Structure formats: structure tokens, C-alpha cells
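Observations on the model geometry
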Amino acid sequence: MSTPTAGAATLTPRRSSRFVAWVRAWRAGLVPFDEVADAIAGDEEHLVADAPGTWTDVPLPQALPTLARLSPDEIRLVLPAPGDPRGLPGPGDFAGAALLAGEAVVAGALGFIPQVRTHTSGSGDTFETVLWRVYPLPENAPAASQVLPGAAEAEAELAAALAETTAALTRLDVAQWRPELAGALEALRRPDGATDLPPGFDPRARRLFARAAVLDRVLALAGHAAPGGAVNNHEAQQRDAALRPLTTACRQALVAACNAPLRP
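From a predicted model like this one, the values you see are computed outputs, not experimental measurements.

What counts, and where the lines are drawn
Within each chain, residue numbers correspond to sequence positions counted from 1 in written order. Local features are withheld for residues below a pLDDT of 70 in this predicted model, meaning they are given only at 70 or higher, and side-chain atom pairs are given and counted only at 80 or more; totals for whole chains, interfaces and linings count all residues. Side-chain numbers come from the whole structure's heavy atoms, not from hydrogens or water. Helix and strand definitions follow DSSP, with helices as H or I runs of at least four residues and strands as E runs of at least two, each counted in order from the N terminus. Partly exposed residues are those whose accessible area sits between 20% and 50% of the maximum for their type, while under 20% is buried and over 50% is exposed, using a 1.4 Å probe and protein chains only. Throughout, a residue-residue contact means that at least one pair of heavy atoms, one from each residue, lies within 4.5 Å. Note on areas: these come from Shrake-Rupley sampling with a 1.4 Å probe, and a residue is covered only by the protein chains present in the view. For a helix, the expected span equals 1.5 Å multiplied by the residue count minus one. A strand pair is defined by DSSP finding two or more bridges across the two strands. The axes are straight lines fitted to the C-alpha atoms, using for helices just the contacting stretch, and the angles between their N-to-C directions are given from 0 to 180°.

To continue, consider the overall build of the chain. Tallying secondary structure elements over the chain gives 10 helices and six strands in all. Counting over 264 residues, the chain shows a buried share of 47%. Long-range pairs, those at least 24 residues apart, make up 71% of the contacts in the chain between residues at least 6 apart in sequence. Accessible surface computed for the chain: about 13,200 Å², of which carbon and sulfur atoms make up 55%.

Okay, structure coming up:
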């Protein structure tokens with residue numbers, strides 16, 4: 001029987017990573033505009049709020065032309081966390097919202113942050129929409145590329161953190177308190193296209209993104225408390241401490257892969 005945890009494994013990777021990768025490839029002339037919105041949204045409905053020149057929420061394809069004058073290097077992924085605001089363009093509304101969401105897009109003078117909204121229909125069915133809220137960015141903001149590692153460095157750090165975390169979780173006997181995680185991991189191993197980058201990214205960036213995107217979802221699963229309260233506070237603290245280095249390395253890897261230089 002499918003568990004909620006195993007089902008969660010099939011969810012899309014961070015939406016901002018898809019946004020950045022596909023919009024950058026479009027701006028590099030490597031994919032046609034007509035493919036970009038569908039590649040970002042998949043089977044979800046994506047709307048954009050507060051886009052320049054609009055007065056209401058608009059479908060994603062109507063907002064993307066706002067970015068038509070940008071070069072690929074002006075579009076960056078940021079995955080901030082409390083105590084680690086790297087890539088954010090200084091304090092302000094955008095930085096605060098990005099820290100809360102844990103992900104964002106820096107695109108020229110604008111910032112985009114996805115918000116997932118859950119709706120219930122009259123018949124009781126639930127569904128989600130993704131609302132990208134647009135923020136004006138502070139002037140003279142520092143470039144994200146100045147403070148973030150490249151793909152080679154991020155790949156090495158991810159490998160080291162993965163080995164360290166695996167050993168720590170083995171000592172904590174993670175399988176005992178999360179037996180259903182094995183099913184979730186199996187679901188994540190199935191190819192679903194969600195860990196593919198568009199044309200223009202080199203093999204290292206593709207390999208790094210595929211690995212980090214899977215690990216990112218594994219970490220989201222492992223970070224949840226076990227059903228029925230099987231993990232006490234002390235065990236939860238041990239788990240969080242064991243996962244923290246890998247979580248940081250995983251975020252850096254996703255950023256490095258999505259922001260990597262593009263090749264024609």
C-alpha cells in the first residue's frame with residue numbers, strides 16, 4: 001500500500017530550480033519560448049502575481065515576456081536558509097519572503113518566489129496551484145555568482161557530505177524509525193524527467209542536478225517526524241544534526257547546477 005511519505009517522493013523538485021534552468025536556456029536561444037512555461041509547470045497550474053504591466057494574477061506564459069531582455073547570467077537560483085542567506089540581494093521584502101520559502105529566483109531587477117496554494121472543490125477534491133509572486137529587487141544588489149561555489153566545488157562538497165551523513169544515519173539506525181522511507185527512495189529512483197536539465201548544460205551540471213534533486217527530496221522525507229511519534233526530541237535533534245551538512249551541500253549543488261554556464 002502506498003504511504004503518504006512514499007507518495008511525497010513523486011512531487012516535483014524545487015520549482016525555482018525548474019524556473020531558472022528553463023528560462024536561462026530560453027534566453028540563451030537553446031529552447032523555444034513556447035516550451036518554457038510547460039516545462040516549468042509540468043501538470044500544475046502556475047500563475048504570476050504582481051508582474052510588471054499586469055493588474056491581476058496572470059498565467060505563467062503571459063508573465064515570462066517580462067524577462068525577454070535578460071541574458072542567461074542575469075537569471076539565478078537562490079536557495080537561502082536561516083543563517084545562510086547567500087545569493088540574496090540584500091535585506092528587504094524579497095529576502096524575507098525568500099528565506100521563508102527556502103527558494104527564489106533572481107531575474108535582473110525582479111525576484112520571483114513560488115507559493116503553493118491548496119484548494120478544495122465543491123465535491124471535496126483538493127488540488128494545488130502555484131503562485132509566483134514578483135518583487136522589485138534592491139538597486140546595486142550583489143551578484144549571486146560572487147558568493148556561491150561553482151559546479152566542480154559543489155560536486156566535491158556534496159560527495160563528502162553524503163558520505164559523512166550516510167555514516168551518521170547508519171549509527172542512528174534511521175531504518176528502524178523510518179521503515180517506509182525505503183519505499184519512498186525506490187519511488188525517487190524511477191526516472192520521471194523532473195531531474196533533467198534543458199539543452200545547454202554540460203554533463204557535470206546535469207549529473208550534479210540529477211543527484212542533488214533526488215537527494216533534496218530524500219532530505220525532505222527524512223526530515224519529517226516519524227508517524228505515531230516514534231522519534232523523541234533527542235532523536236530528532238540527532239537526526240537534524242546528522243542531516244544538516246548534507247542539506248547545506250545539497251542546496252549549494254542545486255544552485256551551482258542551475259546557475260552553471262550554458263553552452264550553445
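The structure having been displayed, the exposition proceeds.
The next thing to look at is helix α2 (residues 15–27). Its 13 residues give α2 an end-to-end C-alpha distance of 18 Å, which sits within 8% of 18 Å, the value for a rise of 1.5 Å per residue. With its phi angle positive at about 80 degrees, Gly 29 sits one or two positions after the end of α2.

As judged from the three bridges shared by strand β4 (residues 104–107) and strand β5 (residues 110–120), these two strands associate in the antiparallel manner. Across the sheet, the residue bridging to Val 105 is Phe 112, located in β5. Counted between consecutive antiparallel strands, the loop separating β4 from β5 contains two residues, among which Gly 108 sits at a positive phi close to 65 degrees. As paired elements, β5 and strand β6 (residues 126–136) share 11 bridges and run antiparallel to each other. Residue pairing for β6: Pro 114 is matched across the bridge by Trp 132. Remark: five residues form the turn of the hairpin made by β5 and β6, two consecutive strands paired antiparallel; Gly 124 in that turn has positive phi of roughly 95 degrees.

Looking now at the sheet that holds β6. Pairing is mixed in the open sheet, where six strands are placed in the order β2-β1-β6-β5-β4-β3. Looking at which strands have only one partner, the edges of the open sheet turn out to be β2 (58–59) and β3 (75–78). Where α2 meets the sheet, its contacts fall on β1 (45–49), β3, β4, β5 and β6, and the angle it forms with β3 comes to roughly 165 degrees.

On β4, burial covers both faces: Ala 104 and Val 106 on one face and Val 105 and Ala 107 on the other are all buried. Pairing analysis gives four bridges linking β3 to β4, with the strands arranged antiparallel. The residue of β4 that forms the bridge with Ile 75 is Ala 107.

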